[in-house]
Amino acid sequence: MAAVTFRDETATGKPIEEFTLPDLPESISARELVRLRVREEVARYNAAPSARFNGLVRPMDAEVELNGYRMGARRIDWEKQADIAERAFQRNGFVLLIGERQVEDLSEVIDLTADPVVSFIKLVPLVGG
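Residues numbered from 1 in each chain as written. Predicted model: local features only at pLDDT ≥ 70, side-chain atom pairs only at ≥ 80, totals over all residues. Heavy atoms only, no water.

F6 and L96 are the most contacted members of the largest nonpolar core, which totals 35 residues. Elements supplying a minimum of two residues to this core: β1 (2-9), β2 (15-24), α1 (30-47), α2 (78-90), β7 (94-98) and β10 (117-122). Discounting residues that sit within four places of it in the chain, L96 has contacts with A30, V34, F89, R101, Q102, V103, V118, S119 and F120. (Core = buried A, V, L, I, M, F, W, Y, C linked by side-chain atoms within 4.5 Å. Buried < 20%, exposed > 50% of the residue type's maximum accessible area, 1.4 Å probe, protein only. Helix = DSSP H or I, 4+ residues; strand = E, 2+ residues; numbered from the N terminus. Contact = heavy atoms within 4.5 Å.)

So this is what it looks like as structure tokens:
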């Protein structure tokens, strides 16, 4: 079993937020890894709902804030969020790095014992471009 650190970073590599999950399989697909991360962050939010959600993707009807989303204290459906995250990956809404290597395909199998740090870099579309 592997312990994995999920880290959100800026485009310059500055860490924003991170959390570690123990007891993960030694190898996993990038899709499963993204869905696992989303499930964990939604479970943490649903356990103690607040007016702010810091997650990989924006929940429906939430307003964007600096490094998070403003929303009423309501429950979030992790499966819907995971589906949104998969679509965001497909349209380059975020970059997924395993160690120093960028993952290009959600079907790629990742060895978590070799690279236990998974970084997510949210990309912001340019206005007019």
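That covers the picture; the talk isn't over yet.
Attention now moves to the side chain of E86. Inspection of the secondary structure assignment puts E86 in helix α2. Given the relative accessible area of 17%, E86 is considered buried. Setting aside its immediate chain neighbours within four residues, E86 contacts R31, R35 and L106.

Taken in spatial order, the 3 strands make up an open sheet running β4-β6-β5, and their pairing is antiparallel. Two strands lie at the open edges of the sheet, namely β4 (52-53) and β5 (63-65), each paired on one side alone. Looking at chain direction, β5 and strand β6 (residues 68-70) are connected through 3 bridges and run antiparallel. Bridge pairing in β6 places E65 opposite G68. (Pairing = 2+ DSSP bridges.)

All we've got here are geometric facts, nothing functional implied.
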